[in-house]
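Topology and contacts: notes
One-letter residues, chain by chain:
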Amino acid sequence: MLDMHLIRDDLNALYDLAPNPGLAAEMAPIYARMSRVISPADWAIHAPYVAAINALKRERNATILAHNYMTPEIFHGIADVVGDSLQLAIEATRTEAEVIVQCGVHFMAETSKILNPAKTVLMPDMAAGCSLADSITAEGVAEMRARYPGAPVVSYVNTTAEVKAASDICCTSSNAVQIIRALEAETIIMTPDKYLAQNVAAQVPEKRIVWWDGSCIVHEQYTAQDIREFRAWNPGTRIIAHPECPPDVVAEADFSGSTAGILGYVSAERPERAMLVTECSMASNIADAHPDVEFIGPCNMCPFMKKITLEKILWSLHSMTTQIEVEPSIAGRARLAVQRMIDLSAKEA
Ligand code: 13P
Ligand code: SF4
């Protein structure tokens, strides 16, 4: 566990991290990307960290890959690449930097390491897990194979390296339908997200999809009743749900897609009002680029994603910790499953 008192003392001894309105004003072009959702007072607190991280990442030849659920000061302030799980995995294969700082959750950092065994992959807080990744082990995959002999296993990228290594191919929420359609088998095992599996099954009725009983603690909280009531109280609002939501929630929505899909839909449709049925930072991160869209409605916070902060990122780059390691024989098999996914989605696209 990180000792934030010690870390704070060390960082303050080395960097000038006091709130700095002058520096904040100098960095106005960066602030302009998030001024709708971050107050000027908060920006004066963030600006010294953003400046220190951006300088240190050049010194270390590092690139920062940030998921769409990172807070706006991370997403707009320091990230070199932002995106959904698939985009981040693809970018991890393309980067020329020596160091990758993964701003997201642990399975994303593991995926980057699996794809780049020779690079240093840093995780700012190892406690940033995921309820889906925690829900299944390689033994669980073996159990499913025993129950459905011969059926291929498609595992969501929200899994550990061991689970990926035990699977035939991975998928993300943006390519799950494509991957399932492209497989020849009639019966397909999907792990670990039962709701993603059920949402895919609704779109690919010609296949028999069986699933593991995992779920995302953020998206499982939404109910169809919530959505119906929200729509009745806010007529005309476009409701956009992530496919980790239960199928009856997705059925009530106007659109469902991965976090990149959500951004694509909002950019193309430019609705007057939108409710994003997903993690809270998603709407915050796209708010400034869509000033004509009013984002309303409740959102849910992912406690794992929110473990990643500017302070921990600065410490991670400064101390070059914590470096992700994946046992080579597991990494090799996991890489096959991730690479098959990347290759198949490129081909199908
Ligand atoms: P995507 O960004 O791939 O849609 O995934 C969402 C998610 O919950 C990642 O943890
Ligand atoms: Fe895992 Fe859900 Fe958090 Fe994504 S939002 S990291 S799936 S718990």
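So, a few notes on the structure that sits alongside this text. (Residues numbered from 1 in each chain as written. Chains lettered and ligands numbered in written order. Predicted model: local features only at pLDDT ≥ 70, side-chain atom pairs only at ≥ 80, totals over all residues. Heavy atoms only, no water.)

Details of empty space enclosed by the protein
- All told, the structure shown has two cavities of 30 Å³ or more when counted by the stated rule.
- Estimates place the volume of the largest cavity at around 240 Å³.
- Around the largest cavity, the lining is made up of 26 residues, and of these H67, Y69, N158, E244 and M305 lie nearest the centre.
- Secondary-structure elements contributing two or more residues to the lining of the largest cavity are α6 (85-94) and α7 (106-115).
- Its residues assigned to classes, the lining of the largest cavity comprises 13 nonpolar, 11 polar and two charged.
- Lining the second largest cavity are S85, L88, A89, Q102, F107, M108, T111, S112 and V157.
- Elements represented by at least two residues in the lining of the second largest cavity include exactly α6 and α7.
- Here the lining of the second largest cavity takes four residues from α7, the largest share from any one element. (1 Å grid on protein atoms, 1.4 Å probe; cavity = no way out; pocket = protein on both sides within 12 Å on 5 of 7 lines; lining within 4 Å. Points joined across faces, edges and corners; volume = space filled by probe spheres on them. Helix = DSSP H or I, 4+ residues; strand = E, 2+ residues; numbered from the N terminus. Nonpolar A, V, L, I, M, F, W, Y, C, P; charged D, E, K, R; others polar.)

A short note on the state of the cysteines
- Tallied over the entire structure, the rule returns one disulfide.
- Linked covalently through their sulfurs, C280 and C299 form a disulfide whose S-S length is 2.1 Å. Disulfide C280-C299: the torsion about the S-S bond is 100°, which places it as right-handed. Linking C280 in helix α15 (residues 280-287) with C299 in the loop between β12 (294-295) and α16 (310-319), this pair joins segments that are 19 residues apart in sequence. (Disulfide = S-S within 2.5 Å.)

Let's talk about the pattern of salt bridges
- Taken as a whole and judged by the stated rule, the model has 12 salt bridges.
- The shortest N-O distance in the salt bridge between E143 and R147 comes to 3.3 Å. One end of the pair is E143 and the other is R147, both in helix α8 (residues 138-147) and four residues apart, which spans about a single turn. (Salt bridge = Lys/Arg side-chain N within 4 Å of Asp/Glu carboxyl O.)

Section: the site of ligand 2
- The full set close to ligand 2 counts 13 residues, and C130, N158, C216, E244 and C302 are the nearest of them.
- The pocket occupied by ligand 2, as judged from atoms lying within 2 Å of grid points, is the largest cavity.
- Tallied by class, residues from the shell around ligand 2 come to 10 nonpolar, two polar and one charged. (Near = heavy atom within 4 Å. Sits in = over half its atoms within 2 Å of the grid points.)

Re the side chain of K113
- Mapped onto the fold, K113 is located in helix α7.
- No salt bridge forms around the buried K113; measuring N to O, its nearest opposite-charge neighbour E325 is 4.3 Å away.
- For K113, the side chain forms a polar contact with the main-chain oxygen of P117, separated by 3.0 Å.
- Once residues within four sequence positions are removed from consideration, K113 is found in contact with K119, V121, I324, E325 and V326. (Buried < 20%, exposed > 50% of the residue type's maximum accessible area, 1.4 Å probe, protein only. Lys, Arg positive; Asp, Glu negative; His and termini not counted. Polar contact = N/O pair within 3.5 Å; in protein donor to acceptor, adjacent residues only side chain to side chain. Contact = heavy atoms within 4.5 Å.)

Topic: the site of ligand 1
- Near ligand 1 there are 13 residues, and of these H67, S85, S173, H242 and T259 occur at the shortest range.
- The side chain of E244 places a nitrogen or oxygen atom 3.1 Å from an oxygen atom of ligand 1.
- Isolated, ligand 1 exposes 300 Å² of accessible area, and the fraction of that covered by the protein chains is 96%.
- Spatially, ligand 1 is embedded in the largest cavity. (Areas by Shrake-Rupley, 256 points an atom, 1.4 Å probe, with all protein chains shown as cover.)

A short note on the layout of surface pockets
- One number sums up the size of the largest pocket: a volume of about 240 Å³.
- Counting residues per element, the ones that place at least two in the lining of the largest pocket are α10 (176-182) and α11 (194-203).
- Considering each element in turn, the lining of the largest pocket owes the most residues, five residues, to α11.
- When its residues are assigned to classes, the lining of the largest pocket shows seven nonpolar, nine polar and no charged.

In short, shape yes, function no, at least from these values alone.
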